[in-house]
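Below are the chains, spelled out letter by letter.
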Amino acid sequence: MTFRRMAFQIFKANLRRYLLFFLCSSFTVMIFFTFYSLYSNPDFNDPYQVNGMVSGNLYAPFLVIRVFAVLFIVYAQMAFLKFRKSDFGLLMVLGMTSHNIRKIILFENSMIALASILTGLGTGTVFSGIFFLIVSLFVNIGDSAFILTPDSYLYTIKFFAVIYIVVIAVNLLLTLRYSILRLLKESRTAERNLIHGKITGVIGVLLLGISVYNMLTHYNPSDARMMLINLGISMLGVYLLLSGLGDWLKLFISRSSRAYHKHLLFSSNLIYTLGRSKIVLSLITFLVFITISLSGIIFYLTWNAEDIPVANNPYDIAYSEVFGKNSISPKILSEITDHGATPLLSHQKLEYIDLFNFKIFLDQNINALIGTDYHVEKDHFLNLAIVAQGEEWKNQRPEMPTFDLMLASGKHTLYSQGILFDMVFNPVPNLMNGLHIILNEEDYMALKAENKKAIGNLQLLNFKDWKKTADIDAKLNAALAKYNKDNTESWYGNERQEALVFSTKSRISDYLQLQESGRFGIFVISFVGLIFFGASGIVLHFSIQTDLERERIKFRKLNKIGITSKDVARIIGGPLKVLFFLPYALGIALSSFYVVSSSRVEMSTALEPMWFCLLVGGAYLLFQVLFYRIYTKIYTHNMLAHIQLLDIPLIDQKEISI
């Protein structure tokens, strides 16, 4: 038999393993392409057609999908190579050189990579259309059309080509260490754990402590870089904690000699499992942590869709009249408000001066509007940040130390009297494109006298029931857009941009956007969660299968000294419980802490998102319990059949395939 024929026979015998690796790779490419085709769809990212809160909900899941694709393919490749090492050892015994082995690795992995990318792109092309159709059922996508851009294909090909090239190159370098003896003993020897020991576990705990401290003291939701760094520290801490957990468990068990000898086989299996599976456990912890964190946040925001618009909008509807824009007559405004589904309760105005980069307010007008007693001293000014008190971290505007008041008499420098955090009025679009400043009466009137054309009025409307103002808000926006089109010159040369900038800011619009965004977010994160759940199951399967031969040898030897089927089931179930449930416990704990610490609100309110994380985590655990029971039953049945401990002889048993 030639080497080529022998290699083909080995390939044929391990076809299921090849097929599983190929299907996992193809599925990953398909999911990546599906998300990227929607993420890069120009119509879906058009704020005039699709709510920006909806399209923005794709950023975090797609970022996670990218990280997942890298980790999953790298691990699947590692597991696949472990399957092949004993085959390579056999081929080298028969005379094949390391150079020939490298050729086989290069050829096999290149073919699988190429086939995976092509198959993934083909199935992704079909599935992305179905995915777009499903999305259109959850959210209003306007006139958006399903578009597949060349960039979707090129980016996907480049992304996965880089992953496969790096992974294959590393595998080829590792062949330099191959020897016949080491390859043949690979499936019968324990893995070498270079990172282990009780000190490693302590370092892991310290890193998790540093992560906790950073989240509680330095967390800023707008600092994505800091968030990623902190997440990396947490994941490294989890990996080191798992690396040292076996040694700490051994120390704890050995303190009682009676318990140690009573559970010797179970404890040794458990410690070995922790040592060899730390990468698997860390990867699944990451998947669970990300899924539950995103799910908890989205469910919490959807649940509080009524409270958030009220907190961010002191008035039911607000819009600004300035530079002739939005200057509809009181009669038109009355016709809209008087014929709505809910009566108008109050209509207030707040005057300001629009200097484009600066919006100037009078302290007395602010006090009259919100019932405060702010007083700006002479030669000073107040910085105004439109955020609620206690949520200063949301402020993206810097505090100016000085402000130059440009008057006909010359430049007059004012000095900051501090910064005021208060949700004085709704964040109307054309009012949020500059810094807000509060002046005293003398300086304000002097500036007003020289900028009469820049005087604007903020119209603030309150109704009996803001949830019934959707029709009023829509009619008002239509009237404002029509007035601006008929009576003013366009600032942007684009009707949709013009209507967006000079639109109202209302509670009902925020509420409807949050509802729509929440539906889409729940759909996306549920979809991603199912993918990650399946991926974690595949990772567990890979991990168990790579150690299958060793387990069979162990139980065959134990069978010779009288082990029973009940003992086998107990010994198998213990380590598998660690693999199946330890990463879920760690993931749920980490996600709950991250969501609570990132909420930055009172503890009574911060506990609400934690309950959502625990709820999602509980649902995840229920699925995992079901998966564990089914998998363990099949695995135990196959193991008992292999060592001939079933009640019916092995020759009459049909081995159940996992």
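Residues numbered from 1 in each chain as written. Predicted model: local features only at pLDDT ≥ 70, side-chain atom pairs only at ≥ 80, totals over all residues. Heavy atoms only, no water.

*Asks:* So what about the pattern of salt bridges? Which residues, and what values?
*Replies:* Think of it this way: side chains of opposite charge can pair up when their charged atoms draw near. Here the structure, examined in full by the defined rule, presents 10 salt bridges. A salt bridge links Lys475 to Asp471; its shortest N-O distance comes to 3.2 Å. One end of the pair, Lys475, and the other, Asp471, are both in helix α17 (residues 470-487), 4 residues apart, so they sit about a helical turn from each other. Given the relative accessible area of 41%, Asp471 is considered partly exposed. (Salt bridge = Lys/Arg side-chain N within 4 Å of Asp/Glu carboxyl O. Helix = DSSP H or I, 4+ residues; strand = E, 2+ residues; numbered from the N terminus. Buried < 20%, exposed > 50% of the residue type's maximum accessible area, 1.4 Å probe, protein only.)

*Asks:* Quick one: what's the story with the pairing of strand β1 (residues 317-321), residue by residue and with numbers?
*Replies:* Counting buried residues in β1 gives 5 out of 5 residues, a clear majority hidden from the surface. Burial along β1 is two-sided: the residues Ile317, Tyr319 and Glu321 and Ala318 and Ser320 are all buried. One ladder, built from 5 bridges, connects β1 with strand β8 (residues 455-463); its direction is antiparallel. For Ser320, the partnering residue across the bridge sits in β8 and is Leu458. (Pairing = 2+ DSSP bridges.)

*Asks:* I'd like a rundown of the environment of Ser506, residues and numbers included.
*Replies:* Following the sequence through the fold, Ser506 ends up in strand β9 (residues 505-506). Assessed through its relative accessible area of 0%, Ser506 is described here as buried. Separated by 79 residues in the primary sequence, Ser506 and Pro427 have C-alpha atoms spaced 9.1 Å apart. Residue contacts for Ser506: discarding those within four places in its chain leaves Asn313, Asp316, Ile317, Asn426 and Asp473. Here the side chain of Ser506 touches Asp473 through a polar contact of 3.1 Å, side chain to side chain. A polar atom in the side chain of Ser506 sits 2.9 Å from the side chain of Ser509. (Contact = heavy atoms within 4.5 Å. Polar contact = N/O pair within 3.5 Å; in protein donor to acceptor, adjacent residues only side chain to side chain.)

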